[in-house]
Amino acid sequence: RKRFGMDDRSRLVKVCGSEKSADLAEKSWQDILENGRLDVSDRGFTDEEIRKFINGLHTIARTSGFQTERTKPFPIRKMDFSGNEMTKHGASEVVQFARTHGANATLLDLSNNQLDDEAALDELTRLVKNYSSFASQNYLTTLLLSGNNIGKAGASRLIQYAHWERERSAQSNGPQPVFEIALSDNRIETPEELIDELKNKKIKCCSGTKPASDSTVHLPDFGDQREPLPPVRSKFPGGGGGGGGGSAYSRSERGPTSRSSYGGSSFGGSSYGGGGRSRSNGREREYERTRDDDIRRERRNRDRNRDQRGGYERDRRGNDRLRGRGDRRQCERDDDDDDDDDDDAR
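Since the model is a prediction, treat every value here as computed from it, not as a measurement.

About the cut-offs
Residues numbered from 1 in each chain as written. Predicted model: local features only at pLDDT ≥ 70, side-chain atom pairs only at ≥ 80, totals over all residues. Heavy atoms only, no water. Helix = DSSP H or I, 4+ residues; strand = E, 2+ residues; numbered from the N terminus. Buried < 20%, exposed > 50% of the residue type's maximum accessible area, 1.4 Å probe, protein only. Polar contact = N/O pair within 3.5 Å; in protein donor to acceptor, adjacent residues only side chain to side chain. Contact = heavy atoms within 4.5 Å. Axes fitted to C-alpha atoms, helices over the stretch in contact; angles between N-to-C directions. Parallel < 35°, antiparallel > 145°, perpendicular 65-115°, else oblique. Left-handed = near helix turned anticlockwise from the far one by under 90°. Pairing = 2+ DSSP bridges. Arc of directions from axis to C-beta. Expected span 1.5 Å × (residues − 1). Phe/Tyr/Trp six-rings, centres within 6.5 Å; stacked < 30°, edge-to-face > 60°. Lys NZ or Arg CZ within 6 Å of the ring centre and 35° of its normal. Core = buried A, V, L, I, M, F, W, Y, C linked by side-chain atoms within 4.5 Å. Salt bridge = Lys/Arg side-chain N within 4 Å of Asp/Glu carboxyl O.

Draft legend 1. Seen up close, the environment of Thr87. Mapping Thr87 onto the fold places it in the loop between β2 (78-80) and α4 (88-99). Once the C-alpha coordinates of Thr87 and Gln114 are considered, the two residues, 27 residues apart in sequence, prove to be 5.1 Å apart.

Here it is in structure tokens:
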């Protein structure tokens, strides 16, 4: 095993931002090699600190001689980023790492962070999908998300995507292991009703202590939820309405497992607010329309950047509402986007 020289150490400190962070990266790298485990739990890392830490691991892999080829995953079986200050932006870094150089891991712990619906819809859905072809397995088997601020919309999308991916894979590769998603102690409104709604869509999920024999997704302690977040004011006139921006929640309200406070939701369009549409289905349609706009906008931006690098023009229609069959087609389109992102990262 190649030892770090002075130049390598200086480079690592620069990437990590401090001597202390560089020491942690070196210690974590040894834990990866010896125990197949990456554990940076309960460190209060911000999104930027998470980004620097992951870049530090990449630096060590290259300078130590381990990373002899771009597509070689690190020997990680379990990853623990719980108990930090991670939001959507930090989740983006972790998700990209998990789908590339952390692709051999079967368990990822992101519990007790600051992940909300926006993080779930935009980033975490990539974790429930098929991994790159160079990984030793196709999927994560356990994703721990307890103690965050994920609501009904984010949970519903995660569960549906996870089911469809495993159903699709079973047709060609045989049955896949049941996927466990721990979503307890979040902000999911009427969780048992959500389970019934998903089952009516033929989503094979269960919330008991043990997975049902025909389930693709297991949701332990799914009924254990905190109060939903207050509504945010709609950014579109005439629809949604609702209360003011999210208010802060104290550590004590989140319970003994909490490590951080919540500063309000950032995604536009309220799915709960009053005024305008008063029935729940009207509010859900308003929410879905605003989410469709955001997703199409993000896809246009990604396609534009790829075009500048000589990429190909992707179909930009995307007019299906993210429900029923439209959700499934959206999942398949997102698969293509994720594969391209993974290739870019490698």
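Draft legend 2. Broad picture of the side chain of His101. As for its placement among the helices and strands, His101 is situated in the loop between α4 and β3 (107-109). We classify His101 as buried; its relative accessible area is 9%. Side-chain polar atoms of His101 contact the side chain of His58, separated by 3.4 Å.

Draft legend 3. The environment of Ser156, seen in detail. Positionally, Ser156 belongs in helix α6 (residues 152-173). A C-alpha to C-alpha distance of 9.4 Å links Ser156 and Glu197, two positions 41 residues apart in sequence. Dropping the residues within four chain positions of it, Ser156 is found in contact with Leu194 and Leu198.

Draft legend 4. Seen up close, the packing of helix α3 (residues 47-63) against α4. At a minimum axis distance of 8 Å, the contact between α3 and α4 shows a crossing angle of 20 degrees. The angle between α3 and α4 falls in the class roughly parallel. Crossing angle aside, the handedness with which α3 passes α4 is left-handed. From α3, Asp47, Ile50, Arg51, Ile54, Leu57 and His58 reach across to α4, where they touch His89, Gly90, Glu93, Val94 and Phe97.

Draft legend 5. Spotlight on the pairing of strand β5 (residues 179-182). Bridging between strand β4 (residues 142-144) and β5 involves 3 bridges; their strand directions are parallel. Among the inter-strand pairings, Leu144 is bridged to a residue of β5, identified as Ala182.

Draft legend 6. Here's a closer look at unusual backbone geometry. Despite not being glycine, Asp42 shows a phi value in the positive range, around 55 degrees. Positionally, Asp42 belongs in the loop between β1 (37-39) and α3. Here Asp42 falls in the partly exposed class, since its relative accessible area comes to 46%. Phi angles above zero are rare outside glycine, and Asp221 is one such case at about 55 degrees. Mapped onto the secondary structure, Asp221 falls in the loop between β7 (217-218) and α8 (280-308).

Draft legend 7. Structural context of helix α7 (residues 191-200). When we look at burial in α7, the residues that qualify are Pro191, Leu194, Ile195 and Leu198. The buried residues of α7 occupy an angular sector of 105 degrees when the element is viewed end-on, so they sit on one face. The secondary structure elements touched by the buried residues of α7 are α6 and β6 (205-206). Positive backbone phi, approximately 70 degrees, marks Lys202, located one or two places after α7.

Draft legend 8. How the structure looks around helix α2 (residues 19-35). With 17 residues, α2 extends 24 Å between its outermost C-alpha atoms, agreeing within 8% with the 24 Å of an ideal straight helix rising 1.5 Å per residue. Of the positions making up α2, those classed as buried are Ala22, Leu24, Ala25, Ser28, Trp29, Asp31 and Ile32. Gly36, located one to two residues past α2, shows a positive phi value of around 65 degrees.

Draft legend 9. Quick peek at the packing of aromatic side chains. Overall, the coordinates contain 6 aromatic pairs when judged by the stated rule. Note on Phe45 and Phe53: the rings are 6.2 Å apart at their centroids and 50 degrees apart in plane angle, and the pair reads as tilted. For the pair Phe45 and Phe53, one class covers both residues: buried. Counting every residue linked through ring pairs, the aromatic cluster contains Trp29, Phe66, Phe74 and Phe97. One residue, Lys72, lies across the ring of Phe66, its end atom 4.2 Å from the ring centre.

Draft legend 10. Up close: the nonpolar core. Residues Phe81, Leu108, Leu110, Leu124 and Leu145 are the most contacted members of the largest nonpolar core, which totals 59 residues. Secondary-structure elements contributing two or more residues to this core are α1 (6-16), α2, α3, α4, α5 (117-122), α6, β5 and α7. If we skip the residues at most four places from it in the chain, Phe81 touches Leu38, Val40, Ile50, Met86, Val94, Leu108, Asp109, Leu110 and Asn113.

Draft legend 11. Region of the structure containing the pattern of salt bridges. Applying the stated criterion across every chain yields a total of 13 salt bridges. When the shortest N-O distance is used, the salt bridge between Lys204 and Glu167 registers 3.6 Å. Here Lys204 is found in the loop between α7 and β6, whereas its partner Glu167 is found in helix α6, with 37 residues between them in sequence. In this structure Lys204 comes out as partly exposed when scored by relative accessible area, which is 35%. The salt bridge partner of Arg226 is Asp185, with a shortest N-O separation of 2.9 Å. With Arg226 in the loop between β7 and α8 and Asp185 in the loop between β5 and α7, this pair connects stretches of sequence that are 41 residues apart. Here Arg226 falls in the buried class, since its relative accessible area comes to 11%. We classify Asp185 as buried; its relative accessible area is 14%.

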